[in-house]
Amino acid sequence: MKKYLLIAFLITSVSFAQKATLYCIGDSTMANKKDPDRNPEHGWAQVLQSFFKDDIAVVNKAVNGRSTKSFINEKRWDSIYKKLKKGDYVFIEFGHNDEKIEDSTRYTNPHTAYRYNLIKFVNESREKGAIPILLTSIARRNFNEKGVLVPTHGDYPLETRLVAKDYNVPFIDLEYYTELLEQSYGPEKSKLLHLHFNAGEVPYYKEDKKDDTHLSLLGATKIATIVITQIKILKDSSLAVLQKGIK
């Protein structure tokens, strides 16, 4: 009897010792950037591993400039789908490049192709026993002359919310929480969350840099913190392993 108990204990221990992989798919606001020690730009998923213990492995597959359409057509999703295993997680955050109506390789109608691409990510993740998590796009720093933060993403966040509701997907309304973040910093100080540098101010940029979409290390870390905070409070049993993996 003791022998069987020992075997059962060892099997259980090995199971718990296996790492869960957290895949991140999306665009440049998430993606890893080259030369991170010198480059002021960081994606929020680039800094995510530091928030987790060793039993969660963050694999950031987000890529600059990609929409749901181009991410699928370039077989990037296929390469992840083949590796997905039961108990893995998939963060899904697209929208910035699906809006590019001048580019047929990236643009998607929010109510048709964009919606159905999100559903594809959700359903195919679940086919492999992985847990998808949908996130709306982060807000741009887009204050008007009255200091009001003006939204720029049209109906894409709405469709993300609807897919999450219709398919019972764990969901983080990152557009909303990053709007609060931008507003808390205000029109001027919020530049610190993004890439605002005069020529020569940092060695990486030889010319003026005024970018209200992409993130500084501060901005990336703040947004990663928001994501972790929201994961902690989501009431969904499928997230138990991810929640326990947070430091």
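Reading the values: the criteria
- Residues numbered from 1 in each chain as written.
- Predicted model: local features only at pLDDT ≥ 70, side-chain atom pairs only at ≥ 80, totals over all residues.
- Heavy atoms only, no water.
- Buried < 20%, exposed > 50% of the residue type's maximum accessible area, 1.4 Å probe, protein only.
- Helix = DSSP H or I, 4+ residues; strand = E, 2+ residues; numbered from the N terminus.
- Phe/Tyr/Trp six-rings, centres within 6.5 Å; stacked < 30°, edge-to-face > 60°.
- Salt bridge = Lys/Arg side-chain N within 4 Å of Asp/Glu carboxyl O.
- Axes fitted to C-alpha atoms, helices over the stretch in contact; angles between N-to-C directions.
- Parallel < 35°, antiparallel > 145°, perpendicular 65-115°, else oblique.
- Left-handed = near helix turned anticlockwise from the far one by under 90°.
- Contact = heavy atoms within 4.5 Å.

J.: Please explain unusual backbone geometry as it appears in this structure.
T.: What is expected of a backbone is that most residues other than glycine have negative phi and most peptide bonds are trans. Of note in this structure, Asp35 is not a glycine but carries a positive phi near 50 degrees. Judged by its relative accessible area of 33%, Asp35 is partly exposed. At Lys75, a residue that is not glycine, the phi angle is positive and equals roughly 65 degrees. Within the secondary structure layout, Lys75 lies in the loop between helix H2 (68-73) and helix H3 (76-81).

J.: I'm lost on the packing of aromatic side chains in this one. Help?
T.: Aromatic ring pairs are described here by two measures, namely the spacing of the ring centres and the angle between the planes. All chains considered together, the criterion is met by nine aromatic pairs. Between Trp44 and Phe91, the aromatic rings sit 6.2 Å apart at their centres with planes inclined by 45 degrees, giving tilted as the arrangement. With a gap of 47 residues between them, Trp44 in the loop between strand S1 (20-26) and strand S2 (56-60) and Phe91 in strand S3 (residues 89-93) connect regions that are remote in the sequence. In terms of burial, Trp44 and Phe91 fall into one category: buried. Centroid distance Tyr176 to Tyr177: 5.0 Å. Interplanar angle 65 degrees. Geometry classified as edge-to-face.

J.: Explain the pattern of salt bridges to me, please; I cannot follow it from the model alone.
T.: Two side chains that carry opposite charge are able to pair once their charged atoms sit near each other. Evaluation of the coordinates by the stated rule reveals 15 salt bridges. When salt bridges with common partners are traced through the structure, they connect Arg66, Glu74 and Arg76 into a single cluster.

J.: Would you take a moment to explain the packing of helix H4 (residues 110-127) against helix H5 (residues 156-166) for this structure?
T.: Two measures define how a pair of helices packs: the angle their axes make with one another and the distance between the axes. Axis separation between H4 and H5 bottoms out at 10 Å; the angle between their running directions is 45 degrees. As far as their axial angle goes, H5 and H4 are oblique. Between H4 and H5 lies a crossing of right-handed hand. Of H5, the residues touching H4 (which contributes Pro110, His111, Tyr114, Arg115, Leu118 and Ile119) are Tyr156, Glu159, Thr160, Leu162, Val163 and Asp166.

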